[in-house]
Amino acid sequence: MAAGFNSGEYPISSKRLTLDNDPNSKITEFLTNCEDDQLLLLTKFYRDRLEQVIEGVARLCLMFTACDHIGVKESHKVNEMADIGNPADCSKLLLNLVIEKGSRALRVMWESFVEMHRGLPKLEKILRELPTLGPDAFGYMNISQGLSEIPSNLKDLQQKHKETLRVQTETLRVNTILIKEKVKTFQLVDRYAELTVISNVRDRALVEHELLARGRDHEEWREKHLRRELEKIRTDQLFQSSFSQRKSKSGNSAAVCGVPGIGKTTMVQKIVYDWATGKIYPHFQFVFSFKFRDLNTINCRINLRNLILDQYPYFGNILGELWKNPEGLLFIFDGLDEFKDRIDFADNQRNTEPQSTCTDPECWCEVSDIVYSLIQHKLLPGCSVLVTSRPTALHLLEKAEISVWAEILGFVGDERKEYFNKIFEDQTVAAAVFKHVEENEILYTMCYNPSYCWILALSLGPFFTQRDRKRQQVPKTITQLYSYYIYNILKNHGREIENPRDVLLKLGEMAYTGVSKKKIVFRNEDLIEYNLQPSQFLSGFLMELLERDDSAQSVVYTFPHLTIQEFVAALTQFLTPDPGEIGKLLSEAHSEEDGRFEIFLHFVAGLSSPQSARPLEEFLGPFLHQRTCRVIDWVKEKVKGQIGNTETETGKQKLLNTFHYLFESQNKALAENTVGSMETLSFCELRLTPIDCAVLSHVIGLCDTIKHLNLQRCYIQCEGLQRLGPVLHKCQGLRNHLIMYDARKKCVSLVFVAKHGILRLADATLCSQPPLNTEASRSSVSDIVYSLIQHKLLPGCSVLVTSRPTALHLLEKAEISVWAEILGFVGDERKEYFNKFFEDQAVAAAVFKHVEENEVLYTMCYNPSYCLILALSLGPFFTQRDRNRQQVPKTITQLYSYYIYNILKNHGREIENPRDVLLKLGEMAYTGVSQKKIVFRNGDLIEYNLQPSQFLSGFLMELLERDDSAQSVVYTFPHLTIQEFVAALTQFLTPDPGEIGKLLSEAHSEEDGRFEIFLRFVAGLSSPQSARPLEEFLSPFLHQTTCRVIDWVKEMVEGQIGNTQTETGKRKLLNTFHYLFESQNKTLAEKAVGSVKTLSFSRLGLTPIDCAVLSHVIGLCDTIKHLDLERCQVQCEGLQRLGPVLRKCQGLSLFGNALTDSCAKDLASALSTNRSLIDLNLGNNKLRDSGVKQLSVALRNPDCKIQKLE
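**Observations regarding the overall build of the protein**
The helix and strand tally for the protein stands at 53 helices and 24 strands. Within the protein, the fraction of its 1206 residues that count as buried is 54%. In the protein, of all internal contacts separated by at least 6 residues, the share reaching a separation of at least 24 is 76%. Accessible surface, the protein: about 54100 Å² in total, of which carbon and sulfur atoms supply 49%.

Laid out in structure tokens, this is it:
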């Protein structure tokens, strides 16, 4: 947080407003010279880009909302949006607030931007532009005021032109190679799906790196770069926006590139349609759109007038009027890569002979001259031009005067699902197809591209729409799906080629060479080497790109997707007439360590399956039987040879790959022959994806019995465990710790599957083996129970016993076959509970959303009792109009306050003095906490002058003991935490605070943690937010008590900070931090910890909630010189909670915290913005190559000051 933000003065000295390579402080000078109205105009002009900056960096929000120019309520609203994970709306609101507050707030904001630009590429890019804007910059920004009125004699023509374009563009025509219909037609507005477009063109190496990524890694790679440095741009921002490198009213040229099938032509169509319907670019009076493939048909010299009239003849002799106002004209040229002529902007030459520049629209010249002269502003200077191209032809524009460069990234996040929803009219079908795609990481990787989505939809759709297609036959393996992909191409285009088998054989040989050399782009010489010629059928596999040279040799080809190349390479192994040494070829591929052949081998194994081969054999003839047999023998050999070779990570990975071969082959006899008698299986410390778990489940399902399955530290998470669940009953020994952490939330899960009533977990670590040590005393009833459990009574019967963990010691010597612990709700089960609790599903969704976004509350709801408390406490905020949603509880104390408040509201009138009843009830509850007592009898109630009543039953749940006398009735609070809360509440209801400090200190000194939650509630009840709802019924809390509690918390924190030599000391300090968090008392926290320099919690296990609390407290410190979290097991989720405050540390130890590659992103983000970190210890974690690479990038940041790294 910038110093001085609350001082009322400008917080940042202009002397410090310097940027790299800007020694003359040009940015500072520019901002200083801006008048107030100009600064406002500047902010509005850059608004969209500034929103992206703020959206991607949380600390900007924190800094701006700390400014006095924004009020407390407004600041709260901004922070609330940030807290619930809505950064886009948060940034919009924040900029709105700053603009509303006027010029002073704007100036502070811009100066803050300059101060914090380091490590923020999007922000740095904006700031570097400011000094280069030029003298006419503000006139350019205010272009809307300079719109020229179209002459009256052109209005009718403009209307006719717009109507013509509207008719031409309102339908979307989709060409496909997969169905007999060559074209399908839709309404553009119904089918157009928004694509993510970025305002610069990525390096080709980055694009290829992305293409090689798969599944969620692919999506995460794209989204990471999008968040950090890639600026999104809308199609209505290509001209006259802050993205223009050339800020001028005299016209601009824009270039948009994208890989084949990404949607360039459709985007152009949408731009034209939106202009024609008045949605965008009102300053353009006329738009003319051309496709280079159409321009290729012009074989003579032509002028711009005739070029337009050929396409739009109704302009007649009026074009001369248009030339007078070129600023109102937009020319669009789609598909530069398809243009037959070469345009060289470097030396003003097109084709082979130099030609004069075309400066007159009536001048006759080559088409390439017209295009060149328009882009270079030599013809009709002032007009604007848009050019689209595939990336391989962009070099032609390197020397062109392009103001905006953009690249279409395609679909990101939920945009994929939206596209499938638009393809299928039946949303049930859309959901089924997308679910099938989403569950397959390779298919999911492909569907960032609309063309691939279309292919997937066409391949899978019939299985969910046509009655003659049995859903049981929907491709279950990747090989089967790709077989149907090739099958559909053969079905529609096979007759166009004399011998499709021969063409596919040659194509596959080239594809295999590409896989072996990691080559995905092929030239004509590659095709010629394999005796291939382009054809309509071939184009179904290869998408043509025009390279720099205009000769036939310049054309390049690439498969629609890397996996299609891998599949065709695999297919050719079954088409060759001579099986040769295929075993040797496959073994050499299997031995490659870098995984380049991994998917290829999956496909080879899969094509040995009749289910995959059958559809292809219909057009290609039978696969060579000898070839198929050799593949099966090779798979069998590899599986058997690899089973005993799992000592190394490489060995385990290769065994897993062989299991994938078995899965793809769907050969039950082969699998049973190779793994049927397998007794031990270990993948310890090998990360398994959900697909890996599904494959493992398939293989284990074919085994007789697994004596021991070791999945320790495999990170299988909840989804993976679900895939494994159906076969775990075959395991006699299971080692996995089965306590797993989801990447986003704590996801604790336990599965045990009993077959014939018994699952032996002899050495399993499902949960800690229950400690059992004493023989229970036996009365007549207990004798029966004992004898049944020990199989002395009715031997052979089965017995199930349930118990709280505290009583399990009674069973230590018992003959228990299965030990299990109910860990509660897992994953979506939480959400299902709320859906069942509330009849109104909108309310259920709103309540669960609030719970899910609050890490403390979400952690509670693994337990049905906690879910009930959450539902009862939060429900009224979303059902009753008089409840202010901004007051929805955020801490546990606030939640329980509203729980009691609701009971008081519904039952308070039934009791004469609810404060007195609660006081007595709390005294009994406190005694119970102190004595670890959770069950109360009538005698206990009588001791505290309590009688059962309707109100009281809201707190105590009555249980009838076995004795039918009145004295047998027992009472217990709905949950122990409610008992602890009521015990805490009574401390604020007593008329005499007495020595409350002493009571709290004694509770704090207890080593067994019995008072831990009680003390958190006491601290929380000192907060007005927690006390206010209760005071409505119980009258104000005693102010003296509140003050003493606050003083006690302050004393405990300050006294404990220097006492962390022991584990007990560290635990107590952590507890005091929980007190600070629950109190939500910023002043108290700042006084207690504001000057802390060193914090150590080494070897103390920290939960995600602990990390969130620690983050809250450290956030209030000035600077932490050293934060020691050695062996705290914070793991990835804890690190996410700590991320925002790691930037404050000068010394940081994260030694031995089980940090994996999935943590690296958060850690790298923190390190890249920490300018003070000099000592970092990351030893003894689980970071692999990808994680180390991410951290290396962060550590190479010029701002990084690290001197010591371990």
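Picking up where we left off.
**Comments concerning the state of the cysteines**
Evaluated as defined, the whole model comprises zero disulfides. Of the cysteine sulfurs around Cys358, a residue in no disulfide, the closest is that of Cys365, at 3.5 Å. Residue Cys358 is classed as buried on the basis of its relative accessible area, which comes to 2%.

**Description of the environment of Val371**
By the element assignment, Val371 lies in helix H18 (residues 367-375). Taking the relative accessible area as the measure of exposure, Val371 reaches 1% and is therefore buried. In the structure, Val371 is positioned 38 residues away from Phe333 in sequence and 8.3 Å away in space, judged by C-alpha atoms. Beyond its immediate chain neighbours, meaning those up to four positions away, Val371 contacts Phe292, Phe333 and Ile343.

**A word on the nonpolar core**
Counting 182 residues, the largest nonpolar core has Leu238, Phe331 and Phe659 as its most contacted members. Residue contributions to this core peak at 10 residues, all from helix H22 (residues 450-465). Judged by nonpolar contacts, the second largest core, of 118 residues, contains Leu985, Leu1000, Ala1003 and Ile1057.

**Description of the confidence of the model for the protein**
When pLDDT is averaged along the protein, the result is 75, and 75% of the positions lie at 70 or above. At the low end of the mean pLDDT range in the protein sits strand S12 (residues 543-546), at 31; at the high end sits strand S6 (residues 329-334), at 95. Considering only residues more than four positions removed or in separate chains, one finds that residues 1-24, a stretch of pLDDT under 50, has 50 contacts. The low-confidence segment residues 539-554 (pLDDT under 50) makes 55 contacts with residues lying over four places distant or belonging to another chain.

**A closer look at the packing of aromatic side chains**
For the coordinates displayed, the defined rule picks out 45 aromatic pairs. With centroids separated by 5.4 Å and ring planes inclined at 35°, the aromatic side chains of Phe988 and Phe1037 adopt a geometry described as tilted. A residue pair is termed long-range when its members are at least 10 positions apart, and Phe988 in helix H43 (residues 976-989) and Phe1037 in the loop between helix H46 (1024-1034) and helix H47 (1039-1057) qualify at 49 residues. We classify Phe988 as buried; its relative accessible area is 0%. Connected via pairs of aromatic rings, a cluster forms that spans Phe286, Phe288, Tyr312, Tyr314, Phe315 and Phe331. Note that Lys162 overlies the ring of Trp275, its terminal NZ or CZ placed 5.0 Å from the centroid.

**Regarding the sheet that holds strand S23 (residues 1175-1177)**
Overall, parallel pairing links the five strands, which are arranged S20-S21-S22-S23-S24 in an open sheet. Looking along the sheet, the strands with just one partner apiece sit at the ends: strand S20 (1094-1096) and strand S24 (1204-1205). In the sheet, S23 pairs with S24 via two bridges, with the strands oriented parallel. Considered in S24, the bridge of Leu1176 is made with Leu1205.

**Comments concerning the pattern of salt bridges**
The final tally for this structure, using the stated rule, is 16 salt bridges. A salt bridge links Asp940 to Lys933, with the nearest nitrogen and oxygen atoms 2.9 Å apart. On the basis of relative accessible area, Asp940 is assigned to the buried category, the value being 13%. According to the relative accessible area criterion, Lys933 is partly exposed, its value standing at 26%. Note that Arg1099 and Glu1126 form a salt bridge whose closest N and O atoms lie 4.0 Å from each other. Note that Arg1099 is positioned in the loop between S20 and helix H50 (1104-1114) and Glu1126 in the loop between strand S21 (1120-1124) and helix H51 (1131-1138), a separation of 27 residues in sequence. Salt bridges sharing partners connect three or more residues here, namely Glu163, Arg166 and Glu170.

**Points about helix H49 (residues 1082-1089)**
Of all the residues in H49, the buried ones are Leu1084, Ala1085, Ala1088 and Val1089. In a view along the axis of H49, the buried residues occupy a sector of 95°, so they form one face of it. In this structure, H49 carries Lys1082 and Lys1087 as exposed residues pointing more than 90 degrees from its buried face. In this fold, the buried residues of H49 make contact with H47, helix H48 (1063-1079) and H50.

**Section: the packing of helix H44 (residues 996-1005) against H47**
Running from amino to carboxyl end, H44 crosses H47 at an angle of 40°, the nearest separation of the two axes being 9 Å. Classed by the angle they form, the pair H44 and H47 counts as oblique. Of the two elements, H44 crosses H47, and the hand of that crossing is right-handed. Residue-level contacts link Ile996, Gly997, Leu1000, Ser1001 and His1004 of H44 to Thr1041, Arg1044, Val1045, Trp1048, Met1052 and Gln1056 of H47. Considered class by class, the residues forming the contact of H44 with H47 number five nonpolar, five polar and one charged.

**Points about the packing of helix H1 (residues 26-33) against helix H7 (residues 103-115)**
Two numbers describe how H1 lies on H7: the axes approach to 11 Å, and their chain directions differ by 175°. One way to sum up the angle between H1 and H7 is to call them roughly antiparallel. In this structure, H1 contributes Ile27, Leu31 and Thr32 to the contact, and H7 contributes Arg107, Trp110 and Val114. Here the residues of the contact of H1 with H7 sort into four nonpolar, one polar and one charged.

**Looking at unusual backbone geometry**
Only a minority of non-glycine residues have a phi that is not negative, and only a minority of peptide bonds are not trans. With phi around 55°, Arg1127 is a residue other than glycine that occupies positive phi space. For Arg1127, the location among the structural elements is in the loop between S21 and H51. Even without glycine at this site, Asn1180 takes up a positive phi of about 60°. Relative to the elements of secondary structure, Asn1180 occurs in the loop between S23 and helix H53 (1185-1195).

**As for the side chain of Arg915**
Examined against the element boundaries, Arg915 turns out to sit in helix H41 (residues 914-930). Buried within the structure, Arg915 lacks any salt-bridge partner; Glu1031 is the closest side chain of opposite charge, at an N-O distance of 7.3 Å. Here Pro1036 takes part through its backbone oxygen, which lies 3.4 Å from a polar atom of the side chain of Arg915. Arg915 has contacts with Phe988, Leu989, Leu1034, Ser1035 and Pro1036, leaving out every residue within four places of it along the chain.

**Considering helix H19 (residues 415-423)**
Of all the positions in H19, only Glu415, Arg416, Tyr419, Phe420 and Ile423 are classed as buried. For H19, the buried positions fall inside an angular range of 145° around the axis, keeping them on one side.

**Digging into the pairing of strand S22 (residues 1145-1149)**
Regular strands place their side chains on alternate faces of the sheet. The buried fraction of S22 amounts to four of the five residues, a majority that puts the element mostly inside the structure. Across four bridges, the pairing between S21 and S22 is parallel. Counted as the bridge partner of His1122 is Gly1147 from S22. Across three bridges, the pairing between S22 and S23 is parallel. Looking at the pairing, Gly1147 lines up with Asp1175 of S23.

Rules of the game
Residues numbered from 1 in each chain as written. Predicted model: local features only at pLDDT ≥ 70, side-chain atom pairs only at ≥ 80, totals over all residues. Heavy atoms only, no water. Helix = DSSP H or I, 4+ residues; strand = E, 2+ residues; numbered from the N terminus. Buried < 20%, exposed > 50% of the residue type's maximum accessible area, 1.4 Å probe, protein only. Contact = heavy atoms within 4.5 Å. Areas by Shrake-Rupley, 256 points an atom, 1.4 Å probe, with all protein chains shown as cover. Disulfide = S-S within 2.5 Å. Core = buried A, V, L, I, M, F, W, Y, C linked by side-chain atoms within 4.5 Å. pLDDT = per-residue confidence, 0-100. Phe/Tyr/Trp six-rings, centres within 6.5 Å; stacked < 30°, edge-to-face > 60°. Lys NZ or Arg CZ within 6 Å of the ring centre and 35° of its normal. Pairing = 2+ DSSP bridges. Salt bridge = Lys/Arg side-chain N within 4 Å of Asp/Glu carboxyl O. Arc of directions from axis to C-beta. Axes fitted to C-alpha atoms, helices over the stretch in contact; angles between N-to-C directions. Parallel < 35°, antiparallel > 145°, perpendicular 65-115°, else oblique. Left-handed = near helix turned anticlockwise from the far one by under 90°. Nonpolar A, V, L, I, M, F, W, Y, C, P; charged D, E, K, R; others polar. Lys, Arg positive; Asp, Glu negative; His and termini not counted. Polar contact = N/O pair within 3.5 Å; in protein donor to acceptor, adjacent residues only side chain to side chain.

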